[in-house]
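Structural overview
Each chain, written out:
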Amino acid sequence: MLSPTSSCLFAASLFLAMFVHADIAAADEDALRWRMNSLLYPKLFGEAGAHFAEEVRRRSEGSFIIEVHDRLVLDQNSFGALNSGLVDAVWGSAGHHHREDPALAIFSGFPFGPDSEGFTAWMREGGGIEALDEIYEQHDLKSLYCGILPIEGGGWFRAPIKQVEDLDGLQMRSFGYGARTLMKLGVTTYELPASDIRPALATGLIDAAEFSLPSIDADLGLSEVARHLYQPGWQQPSTSLEILMPLKSWMALSDSHKTAIESACDETLSWTLASAAKQQEEVIARFRADGVELHDWPEKILVALRKAWQEVIAEETKRNPLLAQAWDSYLLFEDSYGAEQPRGYAE
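Residues numbered from 1 in each chain as written. Predicted model: local features only at pLDDT ≥ 70, side-chain atom pairs only at ≥ 80, totals over all residues. Heavy atoms only, no water.

**A few points about helix H5 (residues 128–137)**
All buried positions along H5 are accounted for by Gly128, Ala131, Leu132, Asp133, Ile135 and Tyr136. In this structure, the buried side of H5 is in contact with helix H3 (78–84), helix H4 (116–125), strand S4 (141–149), strand S10 (239–246) and helix H12 (321–337). (Buried < 20%, exposed > 50% of the residue type's maximum accessible area, 1.4 Å probe, protein only. Helix = DSSP H or I, 4+ residues; strand = E, 2+ residues; numbered from the N terminus. Contact = heavy atoms within 4.5 Å.)

So this is what it looks like as structure tokens:
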């Protein structure tokens, strides 16, 4: 049996616990809540989105909660979903929205472009963010640069590629500017979703595929059906990540909530830079142990691909003034920063 003093202390403790719980519940109920649609593959890409959302919650002390929904709407429906209010934000990469505006493709990373650090420097110090803002403003949207992932694999092939002529007539899964570049050399490209790539390779419907980082390609089982991996991933030396929202939603946020998003983006950028490359090196070692044949692209093929890319970007900038401005911004940055040949993961 409790003494009178103990009973009083117990009652006080119980009242305090109930008060704190009620206070937390009320605060949670009053929190600003956003539904954020993630367009990205769950591993690393999607994990970065969840990491970002948790950082926003923590930095806002629970007053701003972003609920992450995996591919609630498709890439091509993102602008409509944002403008209609179906979702409050989209986690992805600008290139996912190339159907709505082709000028956005360059802001995901591009053939023979800079590595993760170089791309970040262009975006943050070389005018990249300003160029992207100008494009998104045409659609009443606002993005924040929130992450960067390292170089992709150069592609999985069922048979070795030894010369430029081996690309002519090849059936290959590819995406974006990389696909446009390969088409210049006679490759027939298909933008297959992740789940369809392995079966297409296994049945011989396609001869090759490039999709993402080696760790994600491994998760899809591509190394089990195509045993030749080429490096470097010239088509995507880096992949940027962003949160995209209606411009009016950004303007309506309090200063403290804007700060929470901006600081969460900074932290997520650091997190992606630190964690992603190490994972790729580990999976490359597993590929080698499993008998996957790792190849460096022959120099003659890289020269032909670079020439083809120069043709593609010249054609694109000629017909798209905003893309031309963004590309000029990058070229000015490249002159001062310098750019190295993209490299694959160490053997």
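Next comes the rest of the write-up.
**What about the pattern of salt bridges?**
For the coordinates displayed, the defined rule picks out 18 salt bridges. Glutamate 311 is the partner of lysine 184 in a salt bridge, and the nearest nitrogen-oxygen pair spans 3.9 Å. Taken as a pair, lysine 184 in helix H6 (residues 176–184) and glutamate 311 in helix H11 (residues 299–319) lie far apart in primary sequence, 127 residues in all. What emerges from the salt-bridge pattern is a single network uniting Arg180, Lys184, Lys307, Glu311, Glu315, Glu316 and Arg319. (Salt bridge = Lys/Arg side-chain N within 4 Å of Asp/Glu carboxyl O.)

**Section: the sheet that holds strand S8 (residues 208–209)**
Strand order across the open sheet formed by six strands is S7-S6-S8-S5-S9-S11, with mixed pairing between neighbours. Looking at strand neighbours, the two that pair on one side only are strand S7 (188–190) and strand S11 (293–296), the edges of this open sheet. Both strand S5 (residues 156–157) and S8 contribute to a ladder of two bridges, which runs antiparallel. By the bridge assignment, tryptophan 156 is partnered in S8 with alanine 209. (Pairing = 2+ DSSP bridges.)

**Structural notes on the sheet that holds strand S3 (residues 89–92)**
Spatially, S2-S1-S3-S10-S4 is the arrangement adopted by the five strands of the open sheet, whose pairing is mixed. Edge positions in the open sheet fall to strand S2 (64–70) and S4, since each of these has one partner strand only. Neighbour-to-neighbour, the strand axes of the sheet open up by a mean angle of 25 degrees, direction not taken into account. Pairing geometry for S3 and S10, over three bridges, is antiparallel. Bridging across to S10, tryptophan 91 finds its partner in isoleucine 243. Those strands touched by H5 are S4 and S10, and its axis lies near 140 degrees from that of S4. Lying over the sheet, helix H10 (residues 255–289) contacts strand S1 (32–38), S2, S3, S4 and S10, oriented at roughly 25 degrees with respect to S4. (Axes fitted to C-alpha atoms, helices over the stretch in contact; angles between N-to-C directions.)

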